[in-house]
Amino acid sequence: MPYVVTETCIKCKYTDCVEVCPVDCFYEGENMLVINPDECIDCGVCEPECPITAIFPDVTEEGSRWIELNREYAQKWPNLTRKKDPLPEVDQYRGETNKFDQYFSPNPG
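What you see is a predicted model, and the numbers here were worked out from it, not measured in a lab.

**Considering the nonpolar core**
If you look at the biggest cluster of nonpolar residues, it comprises 32 residues, and the most contacted ones within it are Phe26, Met32, Val34, Ile35 and Ile55. Contributions of two or more residues to this core are made by β1 (3-5), α1 (16-20), β2 (26-28), β3 (33-35) and α3 (67-74). Dropping the residues within four chain positions of it, Met32 is found in contact with Val5, Thr6, Cys9, Ile10, Lys13, Tyr27, Leu69, Trp77 and Phe104.

Laid out in structure tokens, this is it:
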């Protein structure tokens, strides 16, 4: 049961989750993070660290919709192992819905 990052992260990119991950399975895109589900050890320590509730187990309805995107971009984006500041526009986009179609960037971070 790996954990995955969902569209809530887009345009926010908090990295509190990265700091607690014992296996460094987070990868950074231009405006969101993903978890490599093949590296995740299912410990769940990242989930409560996310201040915007963007991380879910893949067995949930929300998580299952995002597992393939997480897997794909974990292969393309650089590994992130340290906490960084969130995106400057975080307050503007926090809580917005349907962000994937409007704002998702396939570019690496």
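Anyway, onward from the coordinates.
**Focus on the state of the cysteines**
Tallied over the entire structure, the rule returns zero disulfides. Free cysteine: Cys43, not disulfide-bonded; nearest cysteine sulfur from Cys21 at 6.2 Å. A relative accessible area of 41% places Cys43 in the partly exposed class. No disulfide involves Cys50; its sulfur sits 6.0 Å from the nearest other cysteine sulfur, which is in Cys17. For Cys50, a relative accessible area of 12% gives the class buried.

Analysis parameters
Residues numbered from 1 in each chain as written. Predicted model: local features only at pLDDT ≥ 70, side-chain atom pairs only at ≥ 80, totals over all residues. Heavy atoms only, no water. Core = buried A, V, L, I, M, F, W, Y, C linked by side-chain atoms within 4.5 Å. Buried < 20%, exposed > 50% of the residue type's maximum accessible area, 1.4 Å probe, protein only. Helix = DSSP H or I, 4+ residues; strand = E, 2+ residues; numbered from the N terminus. Contact = heavy atoms within 4.5 Å. Disulfide = S-S within 2.5 Å.

Fair warning: the whole summary comes from geometry, so function is off the table for now.
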